[in-house]
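As a plain string of letters, each chain reads:
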Amino acid sequence: MIENDIQKFECSAVVNWCEIELTNHCWLNCIWCIRKECKYFWFLTFDILKSIVEIIKNKWYTEIVLSWLWDVFLHKDLYKFIDHIFKHIPKIKIYIMTKWQSVKNYDIDKILEYKLKNFNIGLTFSIFSLNKNTYHDITWWGDLDSLLNLIKYSHKKWINFSFEFLLNNINIGNVNIYKNFSKLFWKEFIYSIPHNWGWLLMDSEYRQIFNFDILNKFINKRFGWERCEAFIWKYLFFDYNWDIYKCWLKRFDKNFFLWNVNKLNNNLFISKLSYNSCINCSYYNYRTNINI
């Protein structure tokens, strides 16, 4: 992962990156996820990707995230898309977040092929627990053994990858275990904390996974003048429906909708966005403490 400290917390994509949602399909059903707010499910088309790439080429992004909360490896044209990106922006870094789900050894081999061609591509594995039962309960059906086997295979193949551990009320005592696990694979310990995006979770549900008194060491409360990184940096989010938003966390909030790729209108009106629209997002109040 990137060494700059500002890029170690879970909103790291906002500094020099944009994010493309190839699909909003997912096999998991994590408790805090806002996937339940999706009314329609689809896959990004190749024609729209080409339009997005043309926009990105002209905006000096250094990295592209293929992610959001879902599983990009479910997209049947994933490698066709990646080939197109590298063909037109060969110096870009492509970064994929994954919770394992549908990733196979075949995918690791494909990523290795890109590395051997000197393209910059890497994975980050989201690890919610190293306890098999807890991992299964958090994701509703995820298989920790399959994830661990994939990590071992990735290490064996020397692809670029990193970890992001979820810290919550229950597993806060496992930090040293997570750090030692990271060292086994020569990786830095990086973590995220549970967010209540849009405050869609009931307080009783959210308190089960996030209690400020328990997690306060791992959190930085924002000052009144402080603005979220997604709001102040040049990050943009392109969703599968061809819409562009200033923030992926607020993609269900029309206040953060900028324009549709199909309309060929490059006037984003970002300066007119109101930070008051962020008040119902937990990033408005706190972020990860990157100095642990």
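A brief report on the enclosed structure follows. Along every chain, residues carry numbers that run from 1 in the direction the sequence is written. Predicted model: local features are reported for residues with pLDDT of at least 70 only, side-chain atom pairs are reported and counted for 80 or more only, and whole-chain, interface and lining totals are derived from all residues. To obtain the side-chain values, all non-hydrogen atoms of the structure were used and water was disregarded.

**Focus: the environment of Ser182**
Helix and strand assignments follow DSSP, with helices taken as H or I runs no shorter than four residues and strands as E runs no shorter than two, numbered in order from the N terminus. With respect to the helices, strands and loops of the structure, Ser182 is situated in helix H6 (residues 175-184). Sequence spacing of Ser182 and Ser162 is 20 residues, and the spatial spacing of their C-alpha atoms is 8.5 Å. Leaving out residues up to four positions away in the same chain, Ser182 has contacts with Phe163, Phe165, Lys187, Glu188 and Phe189. Residues count as neighbours in contact if any of their non-hydrogen atoms are within 4.5 Å of one another.

**Remarks on the environment of Lys156**
By the element assignment, Lys156 lies in helix H5 (residues 144-157). A C-alpha to C-alpha distance of 9.8 Å links Lys156 and Phe185, two positions 29 residues apart in sequence.

**Structural notes on the packing of aromatic side chains**
Within 6.5 Å between ring centres, the rings of Phe, Tyr and Trp (the latter by its six-membered ring) count as paired, and their orientation is classed by plane angle as stacked under 30 degrees, edge-to-face over 60, tilted in between. What the rule picks out here adds up to 22 aromatic pairs. Geometrically, the ring pair formed by Phe223 and Trp225 is stacked, given 5.4 Å between the ring centres and 5° between the ring planes. Pair check on accessibility: Phe223 and Trp225 agree, each one exposed. The structure contains a cluster of three or more aromatic residues connected by ring pairs, namely Phe125, Phe161, Phe163, Phe165, Tyr178, Phe181, Phe185, Phe189, Tyr191 and Phe218. Only lysine NZ and arginine CZ atoms are considered, and such an atom sits over a ring when it is within 6 Å of the ring centre and within 35 degrees of the ring normal. Sitting above the plane of the Phe46 ring, Lys80 keeps its charged end 4.2 Å from the centroid. Exposed residues in this analysis have more than 50% of their type's maximum accessible area, buried residues have under 20%, and partly exposed residues fall in between, with area computed by a 1.4 Å probe over protein chains only.

**Let's talk about the pattern of salt bridges**
Opposite charge on two side chains allows them to pair when their charged atoms are near. The term salt bridge refers to a side-chain nitrogen of Lys or Arg lying within 4 Å of a carboxyl oxygen of Asp or Glu. As enumerated under the stated definition, the model contains 7 salt bridges in all. Taking the shortest distance from any N to any O, the salt bridge between Glu113 and Lys110 comes out at 3.7 Å. In this pair, Glu113 and Lys110 both sit in helix H3 (residues 105-116), 3 residues apart, roughly one turn of the helix. Accessibility expressed as a relative area gives 38% for Glu113, which makes it partly exposed.

**A look at a nonpolar patch on the surface**
Among the surface-exposed residues, Trp27, Trp140 and Trp141 lie close enough to one another that they form a single nonpolar patch of about 380 Å² accessible area. Position of Trp141 among the secondary structure elements: in the loop between helix H4 (132-139) and H5. You can call Trp141 partly exposed: its relative accessible area is 34%. Like charges are joined within 9 Å and nonpolar side chains (Val, Leu, Ile, Met, Phe, Trp, Tyr) within 5 Å, but only among residues with over 30% relative accessible area and no salt bridge; these make up the patches. Shrake-Rupley sampling with a 1.4 Å probe provides the accessible areas, and residues are treated as covered by the protein chains on show and by no other component.

**Focus on H4**
Every α-helix winds through 3.6 residues per turn, so residues three or four apart in the chain are directed the same way. Regarding H4, the residues found buried are Tyr135, Ile138 and Thr139. Within H4, the buried residues cover an arc of 85° as seen down the axis, which keeps them to one side. For H4, the exposed residues set more than 90 degrees away from the buried face come down to Asn133 and Asp137. Any pair of nitrogen or oxygen atoms within 3.5 Å is treated as a polar contact; in protein, a donor-acceptor pairing is required on top of that, and neighbouring residues in sequence qualify only through side-chain atoms on both sides. With a side-chain oxygen lying 3.0 Å from the backbone nitrogen of Asn133, the N-terminal cap of H4 falls on Asn131. Trp140, located one to two residues past H4, shows a positive phi value of around 80°. By definition, the arc is the one covered by directions from the helix axis to the C-beta atoms.

**Quick word on unusual backbone geometry**
One non-glycine residue, Trp158, adopts positive backbone phi at about 60°. Within the secondary structure, Trp158 is located in the loop between H5 and strand E5 (160-166). Relative accessible area serves as the criterion here: at 54%, Trp158 is assigned to the exposed category. With a phi close to 60°, Trp186 is a non-glycine residue in the positive phi region. Structurally, Trp186 can be placed in the loop between H6 and strand E6 (191-192). Overall, the relative accessible area of 59% leaves Trp186 in the exposed class.

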